[in-house]
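Listed here are the chains, written in short residue letters.
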Amino acid sequence: MKTFFRKIGAWLEDRTGIMAAITPILNHLVPPGAKWAYVFGSATLFCFILQVVTGIGLALLYQPSSDAAYQSLKFITDQAMFGRVLRGIHFFGASGMIIFVGVHMIRVYIMAAYKYPREMNWITGVFLLFLTIIMGFTGQLLRWDSNGVWSSVVAAQNLGRIPLIGTTLARLLLGGDTIGAQSLSRFFAYHVFLFPALIFGLIGLHLFLVIRNGISEPPKAGRPVDPKTYRKWYEAMLKREGVPFWPDAAWRDAMFGALVIIAIVGLAITFGPPALTQPPDPSLIKTTPAPDWYMLPIFALFALVPPRTESYLIFFGPVLAVGALLALPFLSGTGERSPIRRPWAVFGVVCVVIFVGALLVAGEIAPWSPRFDTKPVTEFVSYHNPQLERGAELFYKKGCQYCHMIRGEGGLKGPDLSLIGRTWTPDQLDVQIVNGKGGMPAYGGSLKQDELRAIVAFLSVQK
Ligand code: HEC
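This structure is a prediction, so every number in the text was calculated from the model and none was measured.

Counting 40 residues, the largest nonpolar core has Tyr62, Phe100, Phe187, Ile199, Phe256, Val260 and Ile264 as its most contacted members. Broken down by secondary-structure element, the contributors of at least two residues to this core are helix H3 (40-59), helix H4 (69-78), helix H5 (83-110), helix H6 (119-142), helix H7 (146-159), helix H8 (166-174), helix H9 (181-213) and helix H11 (245-271). Ranked by the residues each element gives to this core, the list is headed by H9, at 8 residues. Residues within four places of isoleucine 199 in sequence aside, it is in contact with Phe48, Leu128, Leu131 and Met135. Core analysis: the next-biggest nonpolar cluster, separate from the first, contains 23 residues, Leu388, Leu394, Leu447 and Val456 among them.

See the structure below:
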């Protein structure tokens, strides 16, 4: 029996050469002292694998069409076998991936592992960071509850404000001029095919580079990186004191990865997935939804900056952030790596962490961030006029009320509109709604003529 299996093994090895390819990777030497700080990259990878597996499970039952998506998610959550846990793992896995990608990046920055010759490791990592955030965002839209629909409306309308290419980008995102059935198919295709394919490719490249350039040795003050001598020195150091990747270094990755997976599954079983908010239809009971936590800093940032700068921020913010991150290894690609010799770099990263943390807290408690738990006006006022009733309903359904207080119900991001009919003419209202202004998205593309008229009529009688 034993020889039988050995024969199969030998046959496979002869025809594929897999072990011959993998063994050098497992045995390759890594610097000693690569301790627990080095586990966060692989933890991110474990989370990603978890996302792929649970994502496939969810895709088996999820229906990416605007009339069925919400119901199919409800079915997954309430009825399908393991559905609740599956959705939970996918949610906490996403959270884990975002946290570990951030921690991994901070670790690499503090230890200056992005310096020569690992600039491309850093650059592929920057793209992976942004793809991870985009996956979080598109995933949230796939829930296709009022929260998800509202987020995509605002995203598209803000994209539309970018000079020159804005309209094209918004159309690309939504699959048309307005949000509708076709938009959900788009988001699904992005979330399930396009971005994962890019992530797979980039992870492959990232790992290839990690092996080709070697894991960075822990930095030491007074031992700067010099491109002329570094590779030679690194090779010699490995030969002298290197340890094989498996098992000397990899057991920590395996152990931490296992802990992470156990924690995610535990959280999923204990807390379950985030509740679905009402379907994009105003007639249902309210729950207490909010954007997923990893989106809160971004919401908070947009809510805090003066409205006039918001459209610039939407465009230049990401461009500047990506530009700065990509430029980093070229601006300081050599020299000291030790954080002790780079106090300003450490100070900078501490500031960024505090800033993002503060935004997160601010987004959690902010009265000015969009409020998703408001009641439609029709629930407590009767207009005895179909157009006004419709206007009130649309005011809620189109997300106006997430930002605007009316009759004591609604968000505080925009002005209270309870008395707007006293000072604003219907024409002025028209212009404001179609074009947006300041922190308000333009609705020109997403409202039909009769819908616009109903909303304007509704607002005109608020006196
Ligand atoms: C993302 C939040 C947001 C949403 C959604 C939103 N608005 Fe606004 N709205 C604002 C902000 C912020 C202002 C103030 C703009 C300014 O400073 O010029 C504003 C201004 C207005 C004004 C002018 C009031 C005044 O006193 O300046 C009207 C009218 C208005 N919005 C109606 C609507 C309607 C109708 C909808 C839905 C179709 C809507 N808004 C959706 C944020 C929002």
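Below, the discussion takes up the confidence of the model for the chain. Mean pLDDT for the chain: 87, with 92% of residues reaching 70 or above. Across the chain, the secondary-structure element scoring lowest on mean pLDDT is H7, at 69, and the one scoring highest is H3, at 97. Every residue in residues 282-289 is under pLDDT 50, and counting partners more than four places away or in other chains gives 18 contacts.

Our next topic: the pattern of salt bridges. Applying the stated criterion across every chain, the model contains 6 salt bridges. As a salt-bridge pair, glutamate 336 and arginine 341 come within 3.1 Å of each other at their nearest N and O atoms.

We now examine the UniProt feature "transmembrane region" (unreviewed entry) in the chain. Under the UniProt annotation, the feature "transmembrane region" (unreviewed entry) is placed at residues 36-62, 89-110, 122-142, 188-211, 254-276, 312-332 and 344-362. What you have in residues 122-142 is 100% helix and 0% strand, and the ends, taken at the C-alpha atoms, are 30 Å apart. The span residues 312-332 is 95% helix and 0% strand, and its two end C-alpha atoms sit 28 Å from each other.

In the vicinity of the ligand, 21 residues are found, and the nearest of them are Cys400, Cys403, His404, Gln432 and Met440. Secondary structure elements with two or more residues in the shell around the ligand: helix H16 (400-403), helix H18 (426-435) and helix H19 (449-460). When residues of the shell around the ligand are assigned to their parent elements, the largest contribution, 3 residues, is made by H18.

Time to look at the domain arrangement of the chain. Once the domains are mapped, the chain shows domain 1 (28-365) and domain 2 (377-460). Of note, the centres of domain 1 and domain 2, computed from C-alpha atoms alone, are 36 Å apart.

Roughly 1100 Å³ of volume is contained in the second largest pocket. Contributing to the lining of the second largest pocket are 45 residues, with Gly41, Ser42, His104, Leu207 and Val210 lying nearest its centre. Counting residues per element, the ones that place at least two in the lining of the second largest pocket are helix H2 (18-27), H3, H5, H6, H9 and H11.

Our next topic: the packing of aromatic side chains. By convention here, two paired aromatic rings are described through the distance between centres and the angle between planes. The full count for this structure, using the stated rule, is 19 aromatic pairs. Ring geometry for tyrosine 116 versus tyrosine 230: centroids 6.4 Å apart, planes at 85°, classification edge-to-face. One end of the pair, tyrosine 116, is in the loop between H5 and H6; the other, tyrosine 230, is in helix H10 (residues 230-241), and 114 residues separate them in sequence. Taking the relative accessible area as the measure of exposure, tyrosine 230 reaches 5% and is therefore buried. Relative to phenylalanine 347, the ring of tryptophan 344 lies with its centre 5.7 Å away and its plane at 90°, an arrangement referred to as edge-to-face. In this pair, tryptophan 344 and phenylalanine 347 both sit in helix H14 (residues 343-365), 3 residues apart, roughly one turn of the helix. For tryptophan 344, a relative accessible area of 70% translates into the label exposed. Judged by relative accessible area, which is 47%, phenylalanine 347 ranks as partly exposed.

Rules used throughout
- Residues numbered from 1 in each chain as written.
- Predicted model: local features only at pLDDT ≥ 70, side-chain atom pairs only at ≥ 80, totals over all residues.
- Heavy atoms only, no water.
- Core = buried A, V, L, I, M, F, W, Y, C linked by side-chain atoms within 4.5 Å.
- Buried < 20%, exposed > 50% of the residue type's maximum accessible area, 1.4 Å probe, protein only.
- Helix = DSSP H or I, 4+ residues; strand = E, 2+ residues; numbered from the N terminus.
- Contact = heavy atoms within 4.5 Å.
- pLDDT = per-residue confidence, 0-100.
- Salt bridge = Lys/Arg side-chain N within 4 Å of Asp/Glu carboxyl O.
- UniProt positions renumbered as here; feature names shortened; annotations may be inferred.
- Near = heavy atom within 4 Å.
- Domains from an automatic or database assignment.
- 1 Å grid on protein atoms, 1.4 Å probe; cavity = no way out; pocket = protein on both sides within 12 Å on 5 of 7 lines; lining within 4 Å.
- Points joined across faces, edges and corners; volume = space filled by probe spheres on them.
- Phe/Tyr/Trp six-rings, centres within 6.5 Å; stacked < 30°, edge-to-face > 60°.

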